[in-house]
Structure formats: C-alpha cells, structure tokens
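Observations on the model geometry
Here are the chains, one letter per residue:
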Amino acid sequence: MSNFLEIKNLTKAYSAPQGGSSSLVFSDLNLLVEAGKSLAIVGPSGSGKSTLLNLIGGLDSPTGGEVLIDGKNVHQQSPEEAARFRNLTLGFIFQSHHLLPALSALENVMIPALAGHGVASGQVLQTRALELLHEVGLSERSNHLPGQLSGGERQRVAVARALINEPRLLLADEPTGALDQAKAESLMELLVRLNREKETTLVVVTHAISLANQMEEVWAFDGGDLKKVDS
Ligand SMILES: Nc1ncnc2c1ncn2[C@@H]1O[C@H](COP(=O)(O)OP(=O)(O)OP(=O)(O)O)[C@@H](O)[C@H]1O
Ligand SMILES: [Mg+2]
C-alpha cells in the first residue's frame, strides 16, 4: 500500500521573541503513514507534538524538510489549493477548540461545509451536523453558544466540526483532554470506528495511554527524536 502521509527530514525552529538565537523544536523527523492507518503521538509537554500536527495540517511552515499528503507537498500549494486541502481533505481537532463564540454549537459544526467544497448543504448539511452532535452526546446542546457549554462539551463540538466534511485525514490534538473517563471512552470509540469504517487516516496526539494503545502504531517524542514504540 502506498504512503498517504510522508514526513521527510522535517525540522522546526522558532525564532526567539526578542531577536536572540532561535530554538529548535525538532530536526530531521521522518514518518510514513499508509492510508487508513491510525497512529498516536505521545511525549512530554513541550516536546513538539502540537507543532508537528500544525505542520502536517499546513497551519505552520517548516524550517526544513517537507510534508507530503497523497504525494502533494502541503507547504507548496497555491492559496486556493491550501484552502481546499484544509477544508476538504483535513479534519483538525485543536488542543484549544477555536469555536466561534457568536455561533451556536450547530452552526459551529456546519462552518467547514459552508465554504462550498463540502459534501453537503442546506437541510442535508443541518441533518448531518445534528447527527454528529448526537454522536458526541450533544443533541440537547445544539443551540447553545460556546460560552454556554462546558470545556468538555466545547471539545466535543470541535470533534463534530472536524468530521462534517468526512475528511480523509483527521488530526486530533488531545481530543480527550477535557473529558471524564466515560466521555473519553465514547469519543475514542467514535474515532476508532471512523478509522475502521470510513478508512479515515488518524493521527492523534494524546497523554492518555488508553487512547494511544487503541491506535495501530504509537510514536513517541524522545529528546527531539520521534521513535516508534514497540507494541
Ligand atoms: N509560536 C511559537 N513561538 C515560539 N515557540 C513556540 C511556539 N509554539 C510552540 N513553541 C515552543 O515549541 C515547543 C513545542 O511546543 P508544542 O506546543 O509543540 O509542544 P507539545 O508537545 O504540544 O506540548 P503540550 O503537551 O504541552 O501540548 C515548546 O517549547 C514551545 O514553547
Ligand atoms: Mg500540544
């Protein structure tokens, strides 16, 4: 099977806020992921997990190396291609949820589909958004604004939003971080089911060992290196 996601010699350094020397987060990372695989990325706080996800999703630029998705360099797309890629191929569950505060839970879920590339529109879209809110246990909260939701509820709205366009690649940054054990488990089940049934390629950053162990491969940041953990 061919590789869907290829990370080649990926390096990221951040320039210092006041001109000083830049700080290296990681260098020369290599990772190959086949289509439909599931993968967990673990490692200490500050080791570069979110940085790596942002680079894979094209939300940040690498200092060196490249990220290829379906053979296409994520960081060498035209603005239109990049927008289409983020909207259609990619679902992103952020560590901080980034919901739009003036929109209801339901409207937040529908946002990615409103850009026009999406799989559904009109009543079909609304029905699908309501189904996704039901899947994450929020049927009763669809008209609430983010400010009227708990942290864990906001996180689940963000999960539903990431799934609305049926992405081929789902990047999830600590998706169960704000959830209690039971809700975390049901979200894990949803992610695993999605991976199996829709063959969504799944890259999940997590501190939760129980979630990491449900993925087919576990990779760990270890002193600036990314290493496969033997199962
Ligand atoms: N925009 C930025 N400018 C400068 N440094 C940054 C920036 N974003 C992240 N960093 C630094 O890069 C390193 C990696 O950060 P990152 O957010 O990827 O860590 P993480 O592994 O996701 O940690 P956590 O488990 O706490 O979420 C940290 O030392 C962080 O301070
Ligand atoms: Mg992080």
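Residues numbered from 1 in each chain as written. Chains lettered and ligands numbered in written order. Predicted model: local features only at pLDDT ≥ 70, side-chain atom pairs only at ≥ 80, totals over all residues. Heavy atoms only, no water.

1. Things to note about the packing of helix 5 (residues 151–163) against helix 6 (residues 181–197)
- It is at 12 Å that the axes of helix 5 and helix 6 come closest, and there the two elements cross at 5°. Between helix 5 and helix 6, the crossing angle belongs to the class labelled roughly parallel. Contact with helix 5, carried on its side by Arg156, Val159 and Leu163, involves Lys183, Leu187, Leu190 and Leu194 of helix 6 and no other residues of that element.
- Looking at side-chain class alone, the contact of helix 5 with helix 6 contains 5 nonpolar, no polar and 2 charged residues. (Axes fitted to C-alpha atoms, helices over the stretch in contact; angles between N-to-C directions. Helix = DSSP H or I, 4+ residues; strand = E, 2+ residues; numbered from the N terminus. Parallel < 35°, antiparallel > 145°, perpendicular 65-115°, else oblique. Contact = heavy atoms within 4.5 Å. Nonpolar A, V, L, I, M, F, W, Y, C, P; charged D, E, K, R; others polar.)

2. Things to note about helix 4 (residues 122–135)
- An ideal rise of 1.5 Å per residue puts 20 Å on 14 residues; helix 4 measures up with 20 Å between its terminal C-alpha atoms.
- Three or more residues of helix 4 are buried, namely Leu125, Arg128, Ala129, Leu132 and Leu133. Across the axial projection of helix 4, the buried residues extend over an arc of 140°, all falling on one side. Among the exposed residues of helix 4, those pointing more than 90 degrees away from its buried face are Gln123, Val124 and His134.
- Along its buried surface, helix 4 packs onto helix 3 (105–114) and helix 5. (Expected span 1.5 Å × (residues − 1). Buried < 20%, exposed > 50% of the residue type's maximum accessible area, 1.4 Å probe, protein only. Arc of directions from axis to C-beta.)

3. Remarks on the site of ligand 1
- Lining the immediate environment of ligand 1, one finds Tyr14, Val25, Pro44, Ser45, Gly46, Ser47, Gly48, Lys49, Ser50, Thr51, Gln95 and His207.
- For ligand 1, an oxygen atom lies 3.2 Å from a polar atom in the backbone of Ser47.
- Taking Thr51, its side chain carries an N or O atom lying 2.5 Å from an oxygen atom of ligand 1.
- Protein chains shield 58% of the accessible area of ligand 1, which is 640 Å² for the free molecule.
- Within the shell around ligand 1, the residues separate by chemical class into 3 nonpolar, 8 polar and 1 charged. (Near = heavy atom within 4 Å. Polar contact = N/O pair within 3.5 Å; in protein donor to acceptor, adjacent residues only side chain to side chain. Areas by Shrake-Rupley, 256 points an atom, 1.4 Å probe, with all protein chains shown as cover.)

4. A look at the sheet that holds strand 8 (residues 201–205)
- The strand order across the open sheet built from 6 strands is 6-7-8-3-9-10, with neighbouring strands paired in mixed fashion. Two strands bound the open sheet, and with one partner strand each, they are strand 6 (90–93) and strand 10 (225–229). Averaged over all adjacent pairs, the angle separating strand axes in this sheet is 20°, with direction ignored.
- In this structure, strand 7 (residues 169–173) lies alongside strand 8, joined through 5 bridges in parallel fashion. Within the sheet, the bridge partner assigned to Leu171 lies in strand 8 and is Val203.
- Sheet strands in contact with helix 5 are strand 6 and strand 7, and its direction is about 175° off that of strand 6. (Pairing = 2+ DSSP bridges.)

5. Overview of the nonpolar core
- Membership of the largest hydrophobic core comes to 41 residues, with the highest contact counts inside it found for Val157 and Leu170.
- If one sorts the elements of this core by residue count, helix 6 sits on top with 7 residues.
- Leu29, Leu31, Leu39 and Ile69 belong to the second-largest nonpolar core, a separate cluster that totals 28 residues. (Core = buried A, V, L, I, M, F, W, Y, C linked by side-chain atoms within 4.5 Å.)

6. Digging into the environment of Leu88
- With respect to the helices and strands, the residue Leu88 is situated in helix 2 (residues 79–89).
- In sequence terms Leu88 and Lys8 are 80 residues apart; their C-alpha atoms lie 23 Å from each other.

7. Let's talk about helix 1 (residues 49–56)
- For helix 1, the tally of buried residues reaches 6 of 8 residues, placing the bulk of the element in the interior.
- Lys49, Thr51, Leu52, Leu53, Leu55 and Ile56 are the residues of helix 1 that are buried.
- Looking one or two residues past helix 1, Gly58 carries a phi angle of roughly 75°, positive in sign.

8. Regarding the sheet that holds strand 1 (residues 3–14)
- Strand order in the open sheet formed by 4 strands is 2-1-4-5, with antiparallel pairing between adjacent strands. Every interior strand has two partners, whereas the edge strands, strand 2 (23–34) and strand 5 (72–73), have only one.
- The pairing of strand 4 (residues 64–69) with strand 5 spans 2 bridges and is classified as antiparallel. Within the sheet, the bridge partner assigned to Leu68 lies in strand 5 and is Asn73.

9. Here's the deal with the pattern of salt bridges
- This model, assessed by the stated rule, comprises 10 salt bridges.
- Residue Glu166 pairs with Arg128 through a salt bridge whose shortest N-O separation is 3.7 Å. Taken together, the positions of Glu166 in the loop between helix 5 and strand 7 and Arg128 in helix 4 put the pair 38 residues apart, joining distant regions of the chain.
- With a relative accessible area of 18%, Arg128 lands in the buried category.
- A network of salt bridges, in which partner residues are shared, links Arg128, Glu166 and Lys198. (Salt bridge = Lys/Arg side-chain N within 4 Å of Asp/Glu carboxyl O.)

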